[in-house]
Amino acid sequence: MTDRPEDGELSRRQFLVASAVSAALAKTASAQPGLPPSAALSPARPIPREGELLLHWTVNGQPQQVVIDPQASLMEVLRESLGLTSVRRGCEDGSCGSCTVLVDGKRIPSCLLWAALCQGKAITTVEGLSPDGELSPIQAAFIRHKASDCGFCTPGQVVAAHAILSEPWGSDEDSIQQSLCGQQCACGRRPQIAAAIAAVRSQRG
Amino acid sequence: MEWIAAKTVAEALAHAGPGARYVGGGLSLSLLSERGVERPQRLIDLSALPLRSIEGRQGELRIGAMVRLAALGQEPLVQTIAPLLRQVVAQIATPAIRNQATVGGELLERPRCPLFRDATNPRCAKRLPGSGCAVLEEAHAAGAIFGTSAACIAASASELAVALGALSAQVTLLSPEGLAERSLPILDLYVEPGQTPEREQALTPGELLTSVTVPVSSQRRFGYARIADSPLLPLASAAVMMELRDQQVVEARVILGGLATRPWRARACEQALRGHRVSDALVELAVARVLDGAKPRPDSRHLPALATQVVRAALRHAVEEHATVRR
Ligand SMILES: Cc1cc2nc3c(=O)[nH]c(=O)nc-3n(C[C@H](O)[C@H](O)[C@H](O)COP(=O)(O)OP(=O)(O)OC[C@H]3O[C@@H](n4cnc5c(N)ncnc54)[C@H](O)[C@@H]3O)c2cc1C
Ligand code: SF4
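Every value quoted in this text rests on a predicted model; they were computed, and no experiment measured them.

Asks: Explanation requested: the domain arrangement of chain B in the structure shown.
Replies: How big an interface is tends to be stated in terms of the accessible area lost upon association of its parts. Residues and elements named next belong to chain B. The domains assigned to chain B are domain 1 (50–215) and domain 2 (220–326). Domain 1 and domain 2 are separated by 20 Å when their C-alpha centres are compared. The interface of domain 1 with domain 2 comprises 38 residues on the first partner and 39 residues on the second. Where domain 1 abuts domain 2, roughly 3200 Å² becomes buried across the two surfaces, and 60% of that area is made up of carbon and sulfur atoms.

See below:
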């Protein structure tokens, strides 16, 4: 919010730190398939305190228990407790798509989803799309079609594109554009993102 | 904040009380809580309740309150029985939001008035009863042009209600008091702000919305139109129904969304249609009555024009549908 500059300042700094951590941990993630990079850094406390909740869930294929504040969003838990900073803190009102993750295979904006609603669910972030360190077809297509520029929105775009491929959309250009509603790219890579989706779809026939 | 994952409807109702809120998809409630607009002390999660089915019964379609909008839009029964619903749902919010948002949550979505949704604004009678209204006092933002009061002019948000209004749907509500069930026409679920802008809906304390029932009718023709600044900012919408017999309009419903403090029946417009032979000229006669009862303000700018535009488009849509059916 513009009338509280100190907050903006703080979150930008946090963002810079978070990005650095994310880059540093990227290697760990590929070296230990399926393991959320910072699981070792912030071990889940198995016993919730008064007012906290214990979640049993699967994150990128890995069953876990994590203690959460019932007011926390899924985005906050993934970023702050599990270090999965590929899940971006973007608009925080559900309209930009940079925090899109899969919950039981369906894409949802994690900024508006209370983590408490994810009891027993399977969560997938972009790290979970290449568990063996090998790029998934849509990730490879993003690279081929240069569908990423500054990279901020890319993890959410890749997760959304992955989901779109299993949703009942038509294959024409208009359907692909509609399927991308709510996935914004400030660098203007929407055409390349749409092309990457169309390419994987046509490969699959 | 306390989190209750209710396992049964009875358990959910038993936890209702002051400060408690039901959680459908939780998208709207989490956003407003994060901003300090809503301050729930207890959240009652409805996800495990058996309110997730869509059933076609004799002469009606029954939709559970916890059906996700994406599931509603993809259900073949909906496409066959009420294609209007599918058309409207496909335009609400974004595909990712529709995966989580529920029918109950969409119908009970709070208004989008930007000064209601900004907890740093101290003057909003909807949020802080008796505090005045920054929109009316400083005329910052355009509000509704129908059903407004001296206390509040916030436009109601639900687009599903506009469609369900045209479809003559009923909602079923369950009260914690003795588990009493009642049914009412969907449009009666909404109230005008009057002197009590803090409530937009006719729900009694703790009442749970359990389902929506849509009657099936083969005689009726429907039309829908929507105008949005961007896909995410709907400004105005209209859903219409015309029942025709030998080219005569025997019954009509014209419902406006986004421009009124509740989903709005344009009754003068409906009256102009009834009893007349359907034609382009009739559509124009009806459109001329859309603004009857409107209370535009200097800040309403283009809103009256939007109201006539969406109704015209929706009526034409219904007339054309009729034309293709006849051929
Ligand atoms: C980016 C964005 C764009 C959007 N665009 C549109 C749009 O174009 N058109 C549109 O119409 N909407 C739009 N919306 C609003 C969106 O449709 C709602 O946020 C969503 O439908 C809320 O559903 P939910 O199930 O998550 O609600 P919740 O947050 O769970 O609930 C909303 C309210 O209803 C109450 N409630 C929920 N279920 C019940 C029940 N069964 N009984 C009693 N009370 C209940 C809750 O207590 C709460 O007060 C948009 C939202 C976002 C974030
Ligand atoms: S129009 Fe209503 S909701 Fe908006 S600021 Fe005024 S009182 Fe509040």
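On we go.
Asks: Even after reading the chapter, I still don't get empty space enclosed by the protein, so can you show me in this structure?
Replies: Rolled over the atoms, a probe as big as a water molecule pinpoints where empty space is left. All names here are of chain B. Enumeration over the complete set of coordinates arrives at four cavities of 30 Å³ or more. In this structure, the largest cavity encloses a volume near 60 Å³. Considering the residues around the largest cavity, the lining is formed by Leu107, Glu109, Pro111, Ser156, Ala157, Ser158, Tyr190, Glu200, Gln201, Thr261 and Pro263.

Asks: Before we go on, may I ask you to explain the pairing of strand E1 (residues 53–59) of chain A in this structure?
Replies: Sheet faces and side chains relate simply in a regular strand, where the side chains alternate between the two faces. All names here are of chain A. Here E1 pairs with strand E2 (residues 62–68) via seven bridges, running antiparallel. Paired with Leu53 across the two strands is Ile68, which belongs to E2. Where E1 hands over to E2, the hairpin turn is made up of two residues, of which Asn60 adopts a positive phi near 50 degrees. Here E1 pairs with strand E5 (residues 122–124) via two bridges, running parallel. For Val59, the partnering residue across the bridge sits in E5 and is Ile123.

Asks: I keep staring at the pattern of salt bridges and nothing clicks. Help me out?
Replies: Close approach of charged atoms lets side chains of opposite charge pair. Residue and element names in this part refer to chain B. By the definition in use, this model includes 25 salt bridges over all chains. Here Glu2 makes a salt bridge to Arg42, at a shortest N to O gap of 2.8 Å. On the criterion of sequence distance, the pair formed by Glu2 in strand E1 (residues 2–5) and Arg42 in strand E3 (residues 42–45) is long-range, its members being 40 residues apart. Since its relative accessible area comes to 25%, Arg42 is described here as partly exposed. A salt bridge links Glu270 to Arg265; the nearest nitrogen and oxygen atoms lie 2.8 Å apart. The same class applies to Glu270 and to Arg265, which are both buried.

Asks: How should the site of ligand 1 be read in this particular structure?
Replies: For ligand 1, the set of nearby residues contains 34 residues, the closest of which are Arg21, Tyr22, Thr102, Glu106 and Glu159 of chain B. Lying at an intersection of chains, ligand 1 is approached by residues of chains A and B. Within the backbone of Leu27 of chain B, a nitrogen or oxygen atom sits 2.9 Å from an oxygen atom of ligand 1. Here a nitrogen atom of ligand 1 and a backbone polar atom of Leu209 of chain B are 2.9 Å apart.

Asks: Before we go on, may I ask you to explain the site of ligand 2 in this structure?
Replies: The local shell around ligand 2 consists of Cys113, Leu115, Phe116, Cys124, Ala125, Lys126, Cys133, Val135, Ala151, Cys152, Ile153 and Ala154 of chain B. Residue classes in the shell around ligand 2 are distributed as eleven nonpolar, no polar and one charged.

Procedures and definitions
Residues numbered from 1 in each chain as written. Chains lettered and ligands numbered in written order. Predicted model: local features only at pLDDT ≥ 70, side-chain atom pairs only at ≥ 80, totals over all residues. Heavy atoms only, no water. Domains from an automatic or database assignment. Contact = heavy atoms within 4.5 Å. Buried area = accessible area lost by both parts, 1.4 Å probe. 1 Å grid on protein atoms, 1.4 Å probe; cavity = no way out; pocket = protein on both sides within 12 Å on 5 of 7 lines; lining within 4 Å. Points joined across faces, edges and corners; volume = space filled by probe spheres on them. Pairing = 2+ DSSP bridges. Helix = DSSP H or I, 4+ residues; strand = E, 2+ residues; numbered from the N terminus. Salt bridge = Lys/Arg side-chain N within 4 Å of Asp/Glu carboxyl O. Buried < 20%, exposed > 50% of the residue type's maximum accessible area, 1.4 Å probe, protein only. Near = heavy atom within 4 Å. Polar contact = N/O pair within 3.5 Å; in protein donor to acceptor, adjacent residues only side chain to side chain. Nonpolar A, V, L, I, M, F, W, Y, C, P; charged D, E, K, R; others polar.

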